Amino acid sequence: MMKASVIGYPRVGTSRELKFALESYFKGEISNEVLQKTAASLRKTHWLKQAGSGVDFIPSNDFSFYDGMLDTSFMLNVIPKRYKALELNAVSEYFAAARGYQGANGDVRALAMKKWFNTNYHYLVPEIEDTMEIKLTGRKPFDEFLEAKSFGVKTKPVITGPFTFIKLSRFTGEKAVSDFAGSIVKAYSEILKEFNKLGAELVQFDEPILVTDMTTRDIQLFTNLYRELLNAKGNVKVLLQTYFGDVRNCYTEIVSLNFNGIGLDFIEGQKNIELLEKNGFPSDKTLFAGIVNGKNIWKKNYSKTLPMINKIRKHADNIVISTSCSLLHVPYSLKNETKLSNSCKKYFAFAEEKLVELADLKILIEDVNPSGNSKYMENAKIFNEARSNVDNLVRKKVSTLTEKDFTRLPAHQEREKIQKKEFNFPLLPTTTIGSFPQTAEVRANRSSFKRGKITEEQYKTFNKKKIRECISLQEKIGFDVLVHGEFERNDMVEYFGESLNGFLFTERAWVLSYGTRCVKPPIIWGDISRSKPITVGYSVYAQSLTNKHIKGMLTGPVTILNWSFPREDISLKESALQIALAIREEVLDLEASGIKIIQIDEAALIEKLPLRKADWHNEYLNWAISAFRLVHSGVKPETQIHTHMCYSEFDDIVKDIDHMDADVITFEASRSNLTIIDVLNSCNFRTTVGPGVYDIHSPRVPSVGEIKDALNKMLAKLPKEKLWVNPDCGLKTRGEAETVLSLENLVAAAKELRKSL
Ligand code: GLN
Ligand code: ZN
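Residues numbered from 1 in each chain as written. Chains lettered and ligands numbered in written order. Predicted model: local features only at pLDDT ≥ 70, side-chain atom pairs only at ≥ 80, totals over all residues. Heavy atoms only, no water.

*Asks:* Would you mind showing me how to read the coordination of the zinc ion (ligand 2) here?
*Replies:* Geometry reference: four tetrahedral donors at a metal, ideal angle 109.5 degrees. Six octahedral donors, ideal angles 90 or 180 degrees. Within the first shell, the zinc ion (ligand 2) binds the protein through H644 (NE2), C646 (SG) and C729 (SG), at distances of 2.1 to 2.2 Å. The site at the zinc ion (ligand 2) holds four donor atoms, and with the angles between them running 82 to 125°, its shape is irregular. Between consecutive donors of the zinc ion (ligand 2), the numbers of intervening residues give the motif H-x1-C-x82-C. Here C729 lies in the loop between α27 (704–717) and α28 (736–756) and H644 lies in strand β22 (residues 640–645), a separation of 85 residues in the sequence. C729 shares its class with H644; the two are buried. (Donors = N, O, S within 2.8 Å, 3.2 Å for Na, K, Ca; no water. Tetrahedral: all angles 85-135°; square planar, octahedral: opposite > 155°, others 65-115°. Helix = DSSP H or I, 4+ residues; strand = E, 2+ residues; numbered from the N terminus. Buried < 20%, exposed > 50% of the residue type's maximum accessible area, 1.4 Å probe, protein only.)

*Asks:* When you look at the packing of aromatic side chains in this model, what are you seeing that I'm missing?
*Replies:* Within a pair of aromatic rings, the relevant descriptors are the distance that separates the centres and the angle that separates the planes. Going through the model one piece at a time under the given rule, you end up with 34 aromatic pairs. Considering the side-chain rings of F26 and F95, the 5.1 Å spacing of their centres and the 80° angle between planes classify their relative orientation as edge-to-face. Linking F26 in helix α1 (residues 17–26) with F95 in helix α5 (residues 90–99), this pair joins segments that are 69 residues apart in sequence. Taken together, a centroid distance of 5.2 Å and an interplanar angle of 70° make the contact between Y620 and W623 edge-to-face. Separated by three residues within a single helix, Y620 and W623 lie in helix α24 (residues 616–632), roughly one turn from each other. Take Y620 and W623: they sit in the same class, and that class is buried. (Phe/Tyr/Trp six-rings, centres within 6.5 Å; stacked < 30°, edge-to-face > 60°.)

*Asks:* Help me understand the pattern of salt bridges, please; the structure alone is not making it clear to me.
*Replies:* A side chain with one charge may pair with a side chain of the opposite charge, provided their charged atoms come close. In this structure the tally under the stated criterion is 51 salt bridges. Between R43 and E147 there is a salt bridge, and its shortest N-O distance comes to 2.8 Å. A residue pair is termed long-range when its members are at least 10 positions apart, and R43 in helix α2 (residues 32–52) and E147 in helix α6 (residues 140–150) qualify at 104 residues. Residue classification places R43 among the buried residues on the basis of a relative accessible area of 10%. A residue is classified by how much of its surface remains accessible, and E147, at 19% relative accessible area, is buried. Taking the shortest distance from any N to any O, the salt bridge between E586 and R530 comes out at 2.7 Å. Remark: R530 occurs in strand β19 (residues 523–530) and E586 occurs in helix α23 (residues 572–592); sequence separation between them is 56 residues. Three or more residues joined by partner-sharing salt bridges are found here, namely R408, R415, D658, D661, D663 and R686. (Salt bridge = Lys/Arg side-chain N within 4 Å of Asp/Glu carboxyl O.)

*Asks:* What exactly am I supposed to notice about the sheet that holds strand β2 (residues 59–60) here?
*Replies:* Working definition: the strands of a sheet are paired by backbone hydrogen bonds and lie parallel or antiparallel to each other. Across the sheet, which stays open at both edges, the eight strands sit in the order β1-β14-β13-β12-β11-β10-β8-β2 with parallel pairing between neighbours. Only two strands of the sheet have a single partner each, and these edge strands are β1 (3–5) and β2. When strand β11 (residues 237–241) meets strand β12 (residues 261–265), the two strands line up parallel, connected through three bridges. When the bridges of β12 are listed, L239 appears paired with G261. (Pairing = 2+ DSSP bridges.)

*Asks:* I'm lost on the side chain of D663 in this one. Help?
*Replies:* Of note, D663 is situated in the loop between α25 (654–658) and β23 (664–667). Engagement of the side chain of D663 in a polar contact is seen with the side chain of Q419, the distance being 3.2 Å. Apart from the residues lying within four places of it in its own chain, the contact partners of D663 are R408, H412, R415, Q419, T639, Q640, I641, T687 and T688. (Polar contact = N/O pair within 3.5 Å; in protein donor to acceptor, adjacent residues only side chain to side chain. Contact = heavy atoms within 4.5 Å.)

*Asks:* Can you help me understand the site of ligand 1 in this one?
*Replies:* Taken together, 13 residues are adjacent to ligand 1, and S435, E486, D601, H644 and C646 come closest. The contact in question runs from a nitrogen atom of ligand 1 to an N or O atom on the backbone of I433, over 3.1 Å. In the complex, 94% of the free accessible area of ligand 1, which totals 300 Å², lies under the protein chains. (Near = heavy atom within 4 Å. Areas by Shrake-Rupley, 256 points an atom, 1.4 Å probe, with all protein chains shown as cover.)

*Asks:* Got a minute to help me understand the environment of I273 in this structure?
*Replies:* Tracing the sequence through the fold places I273 in helix α11 (residues 271–279). The spacing of I273 and M308 is 35 residues in sequence and 9.6 Å in space, taken between C-alpha atoms. Leave out the neighbours within four places in its chain, and I273 touches F266, K311 and I312.

*Asks:* Looking at this model, I keep getting lost on the environment of E352. Mind explaining?
*Replies:* Residue placement: E352 occurs in helix α14 (residues 351–366). The spatial distance from the C-alpha of E352 to the C-alpha of N258 is 33 Å, given a sequence separation of 94 residues. Among all residues touching E352, those that are not within four sequence positions of it are Y9, T14, K49, Y332, S333 and K335.

*Asks:* I tried to follow the packing of helix α19 (residues 456–477) against α28 on my own but got confused; where do I start?
*Replies:* Think of two packed helices as two axes; the pair is described by the angle between the axes and how far apart they sit. Where α19 meets α28, the axes come as close as 9 Å, and the angle between the chain directions of the two elements is 35°. Where α19 abuts α28, its residues K466, L473 and I477 lie against E736, V740, L743, E744, V747 and K751. Its residues assigned to classes, the contact of α19 with α28 comprises five nonpolar, no polar and four charged. (Axes fitted to C-alpha atoms, helices over the stretch in contact; angles between N-to-C directions. Nonpolar A, V, L, I, M, F, W, Y, C, P; charged D, E, K, R; others polar.)

See the structure below:
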């Protein structure tokens with residue numbers, strides 16, 4: 001019988017138990033003992049769930065209190081000096097690295113956090129110092145293996161592979177990867193030896209870095225590491241697990257090493273099948289074929305999956321079916337959803353339901369006549385019915401789009417002149433990114449309205465009061481372009497999703513983003529359309545209160561798409577264009593209602609940029625940038641379009657950003673020592689820019705001098721006519737007092753500098 005493997009299981013708990021336990025622990029409300037108990041009970045539940053579902057290779061050590069990379073660092077003695085110097089106990093030291101520490105023993109910052117490949121999960125970046133001795137000091141993987149064994153579950157320990165670990169580490173001194181290669185191999189060899197002693201059958205080394213662009217040197221290093229490491233295998237079998245893409249640069253090297261199993265992703269790694277076809281697969285190894293999508297929430301259509309498995313089987317004698325990546329990236333269970341209708345629910349598979357899919361497929365693949373099997377027939381019934389999610393009008397609009405629809409006229413330079421006359425702004429115009437502090441009062445107003453405790457009238461009256469206060473504050477401080485403050489918005493994607501046709505919302509489909517933070521992405525269920533204006537009311541109200549310009553505030557199509565669970569029955573491009581058409585209608589309505597400046601946020605524009613450069617344009621940027629252009633191409637020349645991004649790491653795609661053809665772009669810059677400015681300068685970036693002058697992620701108030709310094713650095717590289725002054729991002733997470741002080745200093749700095757220009 002074919003076997004099934006799970007790469008990793010979500011760890012927070014179906015009701016986010018781990019999150020709440022951790023937060024209580026951080027506040028000192030519960031002891032470490034209680035925290036450990038909660039964790040142990042979650043691990044047990046998850047192992048037994050998988051065992052009961054018939055998973056043959058069940059992961060252990062996929063649990064973490066905060067992050068798996070952080071666990072690996074601590075296991076390998078990669079603990080920066082600044083944490084050791086605090087002289088805390090082991091648990092507190094771990095959380096100091098995770099979250100920073102401020103207290104009796106000192107004041108240190110946390111490890112940096114980075115996006116985990118092309119997901120919305122974030123890992124803590126290991127820091128390797130010259131004086132560090134990398135060695136196996138932790139027992140976590142062994143303890144968890146034994147713990148599972150005590151419940152009768154024989155697990156497959158999951159370890160971040162040595163190559164991915166060092167490739168994602170930051171080397172803080174003179175030394176580099178090669179200086180640590182020997183000690184890393186030794187540490188990982190010891191892991192294998194220990195698992196030999198404990199009687200583990202299979203150990204999984206996760207090496208997702210292999211699906212990114214690898215240089216010849218990378219491949220050599222990888223090969224050298226494993227050639228030596230695999231000598232320590234003994235009786236333990238070793239599975240090299242990859243995910244999030246294909247291994248096109250190193251397939252032949254991988255299969256010639258002494259691994260027992262190789263895990264390939266056939267969902268995101270479409271090219272993996274070509275690699276198999278071209279090169280075959282060694283008969284002495286097992287192919288772990290990732291065919292159940294670990295990143296999306298749609299049920300598999302068995303009539304398509306079975307032929308796919310058979311196609312893979314043609315090239316590999318021994319296969320195990322598997323999830324495409326860890327199930328960490330999907331929510332727990334449909335059982336938690338009480339409000340979704342069954343007619344929708346039947347299309348979904350969250351983590352628990354994916355276990356059922358693996359079990360079904362195991363049986364069906366051995367069946368000589370699967371289509372006669374009731375499991376198959378039940379599944380086929382769902383996919384044979386037409387899904388009520390098609391909107392022919394929208395389809396037609398998308399299919400008849402032409403080049404003209406993506407082109408705003410007149411050209412950028414021409415518009416710049418027209419708008420200069422229209423607005424007559426001073427040099428260094430000042431503005432904010434949109435949201436103002438979401439105080440407890442603001443959140444209470446929204447939640448009372450949602451729970452039916454206050455009327456719509458009361459809800460709106462409160463929001464209008466907040467808008468009035470916000471406008472008068474901005475006027476008093478002296479901003480040139482004002483915003484209404486976004487008090488009606490909980491989240492920049494959910495707010496629009498709720499007002500558009502085609503979205504579904506869940507109650508408890510939480511997914512871990514980092515540490516204890518979970519997000520609940522909406523589901524794109526069908527074709528997207530807008531039936532009525534969404535933001536016009538509040539924007540027009542705000543504009544009625546002032547003679548200054550109000551900036552309308554929208555979320556762009558790519559961000560809405562990237563922060564939702566996308567459809568699998570139509571392409572991402574098609575969905576993006578549908579959303580773009582809906583937001584375009586909103587843009588035109590705002591314009592018709594007298595709003596002359598409109599910001600279209602693309603906070604998450606490059607979040608799903610493909611992992612390999614060769615795929616950037618064809619597979620992503622071409623349609624993503626087009627979708628943005630479609631949103632604003634219909635406005636008058638004198639209407640000014642702004643956009644905003646939450647980072648400035650777009651050095652490699654500056655041309656594409658310019659090609660969005662916005663009039664003004666604001667982005668985060670204060671934490672990244674302004675290297676982007678040089679790139680903008682050397683590319684003759686034509687879009688006017690507002691690089692954030694202070695970091696809104698911290699409550700710290702920047703001084704006038706500091707802001708002037710930042711602006712002077714920008715002015716040294718950019719024409720003064722091309723620069724706006726604004727914070728890094730929205731202010732919703734900040735307190736009111738610090739916000740007022742920071743904004744006063746921002747405007748004061750701009751005004752002082754203007755005099756000297
Ligand atoms: N306009 C949004 C705000 O200010 C933008 C948020 C974001 O970029 N994440 O909150
Ligand atoms: Zn932002």
